[in-house]
Each structure stands twice: as structure tokens, then as C-alpha cells.
Amino acid sequence: MLKRIPHTYTIISSVILICAVLSWIIPAGEYVRETVEVNGIPRTVIVDHSFHPVPQSPQTWQVFSALLNGFERQAGIIAFLLIMGGAFQIMNSSRAIDAGIFSFLGFTKGLERHRFIRMLGVNNVVIGLIITLFSLFGAVFGMSEETLAFVIIIVPLAISMGYDSITGLCMVYVAAHIGFSGAVLNPFTIGIAQGLSDLPLFSGFEYRMVCWVILTGVLIACILKYASVIKKHPEKSPMYQADAYWRKRGEGASEQLSYVTTRSAYAVYALILISLILFSVYYPQSTFALGESAVTCYAVPVLSFFFALFGALGLRKSNQFFILTLLAFTILFLIVGVMAHGWYLPEISAIFLAMGILSGFANSEQTDTIIKQFLDGAKDMLSAAIVVGLAGGIIQILQDGHIIDPILHSLASLMGETGKFVSLGVMYLIQTFINLIIPSGSAKAALTMPIMAPFSDVIGLSRQATVMAYQFGDGFTNMITPTSAVLMGALGIARIPYEVWVKWFGRLLVFFILLGLLLLVPTVVFPLNGF
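Residues numbered from 1 in each chain as written. Predicted model: local features only at pLDDT ≥ 70, side-chain atom pairs only at ≥ 80, totals over all residues. Heavy atoms only, no water.

Q: I would appreciate a short explanation of the nonpolar core in the present structure.
A: In summary, soluble globular proteins display a tendency toward joint burial of nonpolar side chains. Phe88, Phe322, Phe476 and Trp501 are the most contacted members of the largest nonpolar core, which totals 151 residues. Looking at this core, the element that brings in the most residues is helix H15 (residues 319-341), giving 14 residues. Beyond its immediate chain neighbours, meaning those up to four positions away, Phe88 contacts Ile97, Ala149, Ile152, Ile153, Leu327, Phe352 and Met355. Listed in part, the 9 residues of the second largest apolar core include Ala193, Leu196, Ala446 and Val467. (Core = buried A, V, L, I, M, F, W, Y, C linked by side-chain atoms within 4.5 Å. Buried < 20%, exposed > 50% of the residue type's maximum accessible area, 1.4 Å probe, protein only. Helix = DSSP H or I, 4+ residues; strand = E, 2+ residues; numbered from the N terminus. Contact = heavy atoms within 4.5 Å.)

Shown next as C-alpha cells:
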């Protein structure tokens, strides 16, 4: 038994070496692929019964180029991490987030006057609400990469509330991915999988909603139980010593804060207001797609109006509160952009970079100082960026060795001689296993559903149940696989070593996998709507 879990780099490098060795052992093969339109979007899918052997491509020296190939493959996530680190370092230098945390903690203490909230526990209510919010985001529009922007905010909040960085990460990252697993309207997983299975878009909504409520409720209960232990005995946290970084950052911060409003903050407010007026003219309406329905509203003009109002109120208090207002509306515009305008990493990076630069100018910082702060923040993200690059290298080795398709083909053949219950369980386990090497939900749907959906017809299993097996299998192991760039990025931001996370989260993961298996049983036993 290992006395000490190896370093994150050691673990991921070992996985790369193991994948290279497998490329010598597993016979290479491929499926024929074709491009089809799913919900109006071209998707590359495999042709059923098209698996064939290809020349062996054993990987040798390629293990040394895996880091570079991984950086190329995950360039978007890596650049996003560096930009986020730099932007938030500029904001942190203004002490705005510290001021926000102290104000929030003061607000929560005021809630203790209410008997019902006092009985539940103010901190318990806060944790429950934050988890529910991010789980809902994961269930509705598939929030994943977007959580990285919030980890850097919620982890310090959790530390200030007397918890640890693991609690903070669970409140955001894990909550969003539990919602992702129990997705209700996620277009990137359910939408694609149902489209490839010839099912009505977002059908089976009712049972999926039940599953989401159960999964989110169980997560809240688990995190509250863990958080209560850490609150009473902080030293029991596996991150107790490492979290000294976050505790040190918050020590004595309230006494050091100086609340003033500078002229530069008014200038930044005016500049933003002019920009928002222009954006309101160019983008007067935003269309939010929720399942098969769509809602069109004047989101940008309305948010611009409220920014004008709350920005002015923030300026009356201090630079810090104006910058907090800027942060809050950056997040609101982010939600509108993602849900109504199809934003992804480029747009999200741009809005947070603008937020960081404007925060620096609002705090009367010189250009050289802002650049230095940005570089300091990007430097803090460098370790996480390297981990993300290594994780991308794993996928590259598997693809170049042509062993992903043979693994899928072998796993699919296991279902050939089994009944409905066993086949559904095997499908679920296959999806869970494949997710370790292909964490992309849309890519996995395109790869597996053309095989799984027709097979479910042969054994008399609902295609909707097959989609559910894919959905659960796609979500849970995202939170532990080293090939997930988002996981590695979130751990890097929270400063949680991968080896510590695996040891802590492993048991919770097994529990959720078993819970997912139980939630699949009603799809076979009961005549559920849409199944």
C-alpha cells in the first residue's frame, strides 16, 4: 500500500505511458464515420457495423510530444485559465472580492434574526442555495467550462465561512456537474443523444426532473455533512495545511481595506455605460432556448439599465463596491451570452479580461501595474495549465494509437447475450468507463449512440432508457478523470492537488454511480412518460 499518493504530474504522466503501452497490445481498429445533421447542427457519427482493423500504430517517442500535442488540443482551456488568473488578480488587487466577502458574511449574520433560518443554519442555507443554483445551470444549459470563473470566487468565500477549499469546489464545480449528470434540458448531451436516437427533443422531461432533484438533494446532504465536520474540526480537512494560502490571504483584510471612490472609477463607469448603450442598440433582443420552446426579451437593454443604477450606487460607497457591481453584471451578461447568443470560451475570456482591465483602471492603477498584476495571476495558473496540457496528451496518444474504437467495440460486444436489465446496466458502465478517456459529452454521444440505440430496439429496451444510461455515464466520472481539462483547471484554481481530490472524492463518486444505476431501474420497470 502506498504511504503517499504520487504528485499530479506523476499520475498523469504514468497514464500517458500506460496508454502508449496499450497501443502495442490492443489491435488497432476504426469505425467508418459520416456527418449527419442533429437538431440543425452537423455531427460526425459512426456507421453501425463498420468496425474494421487498421495498421498498428504503436506509440513510442510520441509520449514526449504528448505535452505539446495536449497544449495544442486544449489551447482554448489553457488560454482561458491564464486569462482568468490574470483578470482576477487585477480585481483582487483592488480588494473588491475581500470587501464583498466581508459584506456577505455580515449580511448572513443579520439573517440569524429569523427563527426559521437560524434553525436551519445560515451557512447551511447559503451552501444549499449555491449548490442548487449551479446544479440548475448544469442541468439546463450544460454549464461546465464556465464554472472555472466562479471557483476563484466561491473557494475564498467557503474559507471565510470556516470551511475548506474542497467545500468551495463542491459548491460550484461538483454542483454543476451533478446537474450535468441529471440534465433536464442540456442541449450538448441530451439534445444530441436524443437526436441521434430519433427521439423527440427533450422528451422524458418529467422523470429527468425527478432524477435531478434526487441527485442535487443527495449532493447537498453530503456536502453539508462534510462541511459541518470541517467547521467543528478544521484540522480534519485533507486540505487543512494547503488552505493556509487562502486563510493567509484573508487574515486581517477587513482592517486593511480603505473605502474611497476615485475619479478614475467615475470615468470607467461612464465608458462602460456608453458601451452598454451601443450594445443595447445592436443587440436589443435576446432569444433564450429552453428545450423546444424559446423566449425572446430585451435582456441587454434591461441589464444595461440596472448596471447604470447599481453602478452609481456602488460609486457612492467606494471603488471596491463599484468593482463588485462590475463583477456581478459581468456574470449576468455571461449568462445571457451563453444561453441566448451562443457564447463559448473566446467570448467568456473576452468579457472577463475586459472586467479585469477596467477594474484596474477603476482602482486608479497605472498601465504597467495592471500588466504586472495580470502576469502574476497568469503565473499562478501555470501549474494548472501544464496539467491540462498533459491531460490532453492522454487523448492524443489514444487517438494516434487507434485504440479508442477497439475499446468501444469490445465493450459493446459484451451486451450481445444479456437481457434488458443487465444490458442497461452494461450500457451504463460502458458509458462510465468511456467517459474516463473521452470526457466530451457531445463527442461521446456521436460515438456511442449510433451503436447503443439500435441495440436497445433488438432487446426490447426503450431508447429513452439508453439515453439515460448515456447521460449518467457521461456525467459522474467527469469529476475524477485526469483527461478532463475542466477538472484539472478547477483543481488548479482551488489549489487542490489531484491526488488529494481522488482520495477524497472517490468514495462519493462510487456512491453517485450506484445511485445512477438505481435511478435507471424505473425506466425498465415502470411505464414512464416519454419512455
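Q: I keep staring at the packing of aromatic side chains and nothing clicks. Help me out?
A: For any pair of aromatic rings, geometry is given as the distance between the ring centres together with the angle between the planes. Enumeration over the complete set of coordinates arrives at 20 aromatic pairs. For the ring pair Phe307 and Phe329, a centre distance of 5.5 Å and an interplane angle of 80° mean the geometry is edge-to-face. Of the two residues, Phe307 is situated in helix H14 (residues 299-317) and Phe329 in helix H15; the sequence distance between them amounts to 22 residues. The same class applies to Phe307 as to Phe329, namely buried. Clustering of aromatic rings is evident, with ring pairs tying together Tyr269, Phe305, Phe306, Phe307, Phe310, Phe322 and Phe329. Taking NZ or CZ as reference, Lys231 lies 5.4 Å from the ring centre of Tyr163, over its face. (Phe/Tyr/Trp six-rings, centres within 6.5 Å; stacked < 30°, edge-to-face > 60°. Lys NZ or Arg CZ within 6 Å of the ring centre and 35° of its normal.)

Q: Whenever I open this one, helix H16 (residues 345-362) confuses me. Can you help?
A: Think of an α-helix as turning once every 3.6 residues; residues three or four places apart then point the same way. Between the first and last C-alpha of H16 there are 25 Å, a value that for 18 residues agrees with the 26 Å anticipated at 1.5 Å per step. Here H16 has its buried residues at Leu345, Ile348, Ser349, Ile351, Phe352, Met355, Gly356, Leu358, Ser359, Gly360 and Ala362. On its buried face, H16 sits against helix H3 (75-93), helix H7 (148-160), helix H13 (263-282), H15 and helix H17 (367-380). At the exit of H16 stands Ser364, carrying a positive phi of roughly 65°. (Expected span 1.5 Å × (residues − 1).)

Q: Can you walk me through the packing of helix H18 (residues 382-400) against helix H23 (residues 485-494) in this structure?
A: The angle between the axes and the distance between the axes are what describe a pair of packed helices. Contact pair H18 / H23: the axes reach a minimum separation of 8 Å and the direction vectors enclose 160°. Here H18 is positioned roughly antiparallel relative to H23, judged by the angle of their axes. Where H18 crosses over H23, the handedness of that crossing is right-handed. Of the residues in H23, those in contact with Ala384, Val387, Val388 and Ala391 of H18 are Ala485, Met488, Gly489 and Gly492. Considering only residue class, the contact of H18 with H23 consists of 6 nonpolar, 2 polar and no charged. (Axes fitted to C-alpha atoms, helices over the stretch in contact; angles between N-to-C directions. Parallel < 35°, antiparallel > 145°, perpendicular 65-115°, else oblique. Left-handed = near helix turned anticlockwise from the far one by under 90°. Nonpolar A, V, L, I, M, F, W, Y, C, P; charged D, E, K, R; others polar.)

Q: Mind showing me how you'd approach the packing of helix H4 (residues 96-111) against H7 here?
A: With their axes 10 Å apart at the nearest point, H4 and H7 run at an angle of 50° to one another. With respect to H7, the element H4 is oriented oblique. Relative to H7, the crossing made by H4 is right-handed. Only Pro156, Leu157 and Ser160 of H7 make contact with H4, whose side of the interface consists of Ile101, Phe104 and Leu105. Among the residues making up the contact of H4 with H7, the classes are represented as 5 nonpolar, 1 polar and no charged.

Q: Can you help me understand the state of the cysteines in this one?
A: Linking two cysteines covalently via their sulfur atoms produces the bond known as a disulfide. Summed over the entire model, instances satisfying the criterion amount to 0 disulfides. Cys222 takes part in no disulfide bond, and the closest cysteine sulfur, belonging to Cys170, lies 9.5 Å away. Among the residues examined, Cys222 registers a relative accessible area of 24% and is labelled partly exposed. (Disulfide = S-S within 2.5 Å.)

Q: Looking at this structure, how should I read the side chain of Ser94?
A: Locating Ser94 in the fold gives a position in the loop between H3 and H4. For Ser94, a relative accessible area of 3% translates into the label buried. A distance of 2.5 Å separates a polar side-chain atom of Ser94 from the backbone oxygen of Met91. (Polar contact = N/O pair within 3.5 Å; in protein donor to acceptor, adjacent residues only side chain to side chain.)

Q: What exactly am I supposed to notice about the pattern of salt bridges here?
A: Any two side chains of opposite charge can pair, so long as their charged atoms come close to each other. For the coordinates displayed, the defined rule picks out 2 salt bridges. The salt bridge partner of Asp376 is Lys372, with a shortest N-O separation of 3.3 Å. You can see Asp376 and its partner Lys372 sitting in helix H17, 4 residues apart, about one turn around the helix. For Lys372, a relative accessible area of 53% puts it in the exposed group. For Asp380, the salt bridge identified is with Arg495, shortest N-O distance 3.8 Å. Here Asp380 is found in helix H17, whereas its partner Arg495 is found in the loop between H23 and helix H24 (498-520), with 115 residues between them in sequence. Classification of Asp380 by relative accessible area gives partly exposed; the value is 35%. A relative accessible area of 34% places Arg495 in the partly exposed class. (Salt bridge = Lys/Arg side-chain N within 4 Å of Asp/Glu carboxyl O.)

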